[in-house]
Amino acid sequence: MNLPIEYTEKMKKLLGNEFEAYMESFNDKRLYGLRANTLKISPEELERVVDWELKKVPWCKEGFYYDGESVRPAKHPFYNGGLFYIQEPSAMSTGAMLPIKPGDRVIDLCAAPGGKSTQAAARLKGEGIIVSNDISASRCMALLKNIELSGVANAVITNEEPKKLAERFEGFFNRVIVDAPCSGEGMFRKDEGAVRSWETHKTEFCCGLQREILKAAAKLLCSGGIIAYSTCTFAPEEDEGMIWEFLNENKDFELLDFDKSGGFIDGRPDWVENGGNELKKCGRLMPYKVKGEGHFLCLLHKKGEETEKEVKKDTTVSNKLLNDYFEFTDKYMNKKINDNLVMHKESLFSVPYCLDLRGLRVKRSGLYLGDCKKNRFEPSQAFAMTLKKDDVKISVDYELEDDNLSRYLRGESFAVDCKDGWALVCVKGYPLGWGKVQKGRLKNKYLPSWMN
């Protein structure tokens, strides 16, 4: 690989006698990873049901390596079922090391395409709230799909500048994820495009963005809360240097230790002018030491007792507007969502939290259940992805080799042997979407933009 001379000279100074080992790592094969979505399946069960080899990622208990040269998981029906998320192994470390429990209030400020947000959402187990934000409107579309595909019901997706969110929600969140835009040096081995981007968006440009995002993150955080700050660069200016600057300007913050046994090395205070020893609490995954790309991570704790905030409220709209929805749930559902319902025009959402979103660019607020049309309710793809087979009264379930499974994922209609009405279509018990059965034929309701 042709690396910029300016970059290699810099890395020689930083790495010293480890520089040759770093350069030799460019000859290694690219690594591929996926992460079990524990909203739907345990890591152990995923290992059992897939028909390709998985090897554990040491720093993420839900993470696995797979052979990307011979396997295409994104073409597998289990991907369509949201059973796993395809993610670079080192990138799994941020969500793995940030302590999150059900009921937490989490915001991911640079969320697209959704790896860290879906990882955090799985840890929430449907309780609390995850706000997934990205400043790019186009990238928010991929973020929305991945949130819905993963079956996340308690998410808000916004398309805003972090500064604006901080002005609105000051002190509300107890966990903030900042996977900061960076110069991408840690991704050079995986992506030659990252090298070209480095030559355009160098460290100085990225530092300005990181500084502003961290300022917003600090404002969003409540007392006792934690910011997870990560990058995929080796640049000290964007890593230890950025954190040292932040700590000097925010005396109410401190660095926390985290589990580095999976392969992290300590942060390098010696890479920063007058850097303090506490910077050793930061961590790095180095591609010549672990099976993964370059990654930097630290946990910033806001001193003080953690504050609790009420996020749930009943916002149920009048039953008169929802007769068709209630008729649908009575007829077809074993599991019913009858509380915290909000109508937006003809669309129905379940919004189990109280956030003032007025004036913000919002791509999705809560779980999109479907549309209340004249004399009928049509359930959404997002709704289907939050369900289990036993949650519905009518379902059709296919084995992986069944031709009807392929037909369904292509959007085709076909003959089925079940009662008329709305049916949940599944693969080996895991939901894929809806179909409407009439006289022994299933009319395909799989979301067209998700079709293979």
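Refer to the structure presented above.
Since the model is a prediction, treat every value here as computed from it, not as a measurement.

1. Quick look at the nonpolar core
Core analysis: the largest hydrophobic core is formed by 58 residues, its most contacted members being Leu46, Tyr325, Leu369, Phe383 and Trp434. The contact partners of Tyr325, leaving out residues within four places of it in the chain, are Ile337, Asn338, Leu341, Leu348, Leu369, Cys372 and Phe377. Formed by 44 residues, the second largest nonpolar core is a distinct cluster that contains Ile129, Leu165, Leu355 and Leu360.

2. Details of the environment of Val71
Note that Val71 resides in the loop between strand 3 (63-66) and helix 4 (77-80). Note: C-alpha distance between Val71 and Thr200 (129 residues apart in sequence) is 34 Å. The residues touching Val71, leaving out its near neighbours within four places in the chain, are Trp52 and Tyr66.

3. Some remarks on the pairing of strand 21 (residues 421-427)
In terms of burial, strand 21 is largely enclosed, as seven of its seven residues are buried. Pairing of strand 19 (residues 395-398) with strand 21 involves four bridges; the strand directions are parallel. Each bridged residue has a counterpart across the sheet, and for Asp397 the counterpart in strand 21 is Cys426. Note that strand 21 and strand 22 (residues 430-438) share seven bridges and pair antiparallel. Within strand 22, the residue paired with Leu424 across the bridge is Trp434.

4. Side note on the sheet that holds strand 19
If you walk across this open sheet you meet the five strands as 19-21-22-23-20, and the pairing is mixed. The open sheet is flanked by strand 19 and strand 20 (414-415), the only strands paired with a single partner.

5. Details of the pattern of salt bridges
If the charged atoms of two oppositely charged side chains come close together, the side chains can form a pair. For the structure shown, the criterion picks out 30 salt bridges. Note that Asp179 is salt-bridged to Lys116, the shortest N-O span being 3.3 Å. Of this pair, Asp179 sits in strand 8 (residues 173-179) while Lys116 sits in helix 6 (residues 115-124), and the two are 63 residues apart along the sequence. Arg358 is the partner of Asp356 in a salt bridge, and the nearest nitrogen-oxygen pair spans 2.9 Å.

6. Considerations on unusual backbone geometry
The omega torsion across Ala112 and Pro113 is 5 degrees, close enough to zero to call that bond cis. Backbone geometry at Asn274 places phi at a positive 60 degrees, although glycine is not the residue there. Secondary-structure assignment places Asn274 in the loop between strand 11 (265-266) and strand 12 (283-285). Positive phi values are uncommon outside glycine, yet Asn375 reaches one of about 65 degrees.

7. Description of helix 7 (residues 137-149)
In this model helix 7 runs 19 Å from its N-terminal to its C-terminal C-alpha over 13 residues, within 8% of the 18 Å that 1.5 Å per residue would give. For helix 7, the complete set of buried residues consists of Cys140, Leu143, Leu144, Asn146, Ile147, Glu148 and Leu149. Gly151 sits one or two positions beyond helix 7 and adopts a positive phi of about 75 degrees.

8. So, the sheet that holds strand 18 (residues 376-379)
An order of 14-15-17-18 is seen for the four strands of this open sheet, with the pairing classed as antiparallel. The open sheet terminates on both sides in strands that have one partner only, identified here as strand 14 (341-344) and strand 18. Across the sheet, the axes of successive neighbouring strands diverge by a mean angle of 30 degrees, strand direction being ignored. When strand 14 meets strand 15 (residues 347-350), the two strands line up antiparallel, connected through four bridges. Paired with Met343 across the two strands is Leu348, which belongs to strand 15. Against the sheet, helix 12 (residues 323-332) contacts strand 14, strand 15, strand 17 (367-373) and strand 18, and its axis sits at roughly 65 degrees relative to strand 18.

9. Notes on helix 12
It helps to recall that an α-helix has 3.6 residues per turn; residues three or four apart then point in one direction. Along helix 12, the positions that sit buried rather than exposed are Tyr325, Phe326, Phe328, Thr329 and Tyr332. Along the axis of helix 12, the buried residues cluster in a sector spanning 155 degrees; they form a single face. Looking at helix 12, the residues exposed on the side facing more than 90 degrees away from the buried face are Glu327 and Lys331.

10. Considerations on the packing of helix 10 (residues 203-220) against helix 11 (residues 240-249)
Between helix 10 and helix 11, the least distance of the axes is 11 Å, while the angle of their chain directions is 40 degrees. By the criterion of interaxial angle, the relationship of helix 10 to helix 11 is oblique. Viewed along their axes, helix 10 and helix 11 form a crossing whose handedness is right-handed. Each of Cys207, Gln210, Arg211, Leu214 and Ala218 in helix 10 lies in contact with helix 11, whose residues at this interface are Met242, Ile243, Glu245 and Phe246. Partitioned by chemical class, the residues of the contact of helix 10 with helix 11 number six nonpolar, one polar and two charged.

11. Side note on the packing of aromatic side chains
Tallied over the entire structure, the rule returns 27 aromatic pairs. A ring pair is formed by Tyr325 and Phe326, whose centres lie 5.6 Å apart and whose planes are at 50 degrees; its orientation type is tilted. A residue is classified by how much of its surface remains accessible, and Tyr325, at 0% relative accessible area, is buried. Ring centres of Phe349 and Tyr368 lie 5.5 Å apart, and the angle between their planes is 35 degrees; on these two criteria the pair is classed as tilted. With a gap of 19 residues between them, Phe349 in strand 15 and Tyr368 in strand 17 connect regions that are remote in the sequence. Exposure remark for Phe349: the relative accessible area of 11% places this residue in the buried category. Members of the aromatic cluster, each reached through a chain of ring pairs, are Tyr325, Phe326, Phe328, Tyr332, Phe377, Phe383, Trp422 and Trp434.

12. Observations concerning the environment of Phe205
Tracing the backbone shows Phe205 in helix 10. Given the relative accessible area of 47%, Phe205 is considered partly exposed. C-alpha of Phe205 to C-alpha of Ser183: the two residues are 22 residues apart in sequence and 8.6 Å apart in space.

Cut-offs applied
Residues numbered from 1 in each chain as written. Predicted model: local features only at pLDDT ≥ 70, side-chain atom pairs only at ≥ 80, totals over all residues. Heavy atoms only, no water. Core = buried A, V, L, I, M, F, W, Y, C linked by side-chain atoms within 4.5 Å. Buried < 20%, exposed > 50% of the residue type's maximum accessible area, 1.4 Å probe, protein only. Contact = heavy atoms within 4.5 Å. Helix = DSSP H or I, 4+ residues; strand = E, 2+ residues; numbered from the N terminus. Pairing = 2+ DSSP bridges. Salt bridge = Lys/Arg side-chain N within 4 Å of Asp/Glu carboxyl O. Expected span 1.5 Å × (residues − 1). Axes fitted to C-alpha atoms, helices over the stretch in contact; angles between N-to-C directions. Arc of directions from axis to C-beta. Parallel < 35°, antiparallel > 145°, perpendicular 65-115°, else oblique. Left-handed = near helix turned anticlockwise from the far one by under 90°. Nonpolar A, V, L, I, M, F, W, Y, C, P; charged D, E, K, R; others polar. Phe/Tyr/Trp six-rings, centres within 6.5 Å; stacked < 30°, edge-to-face > 60°.

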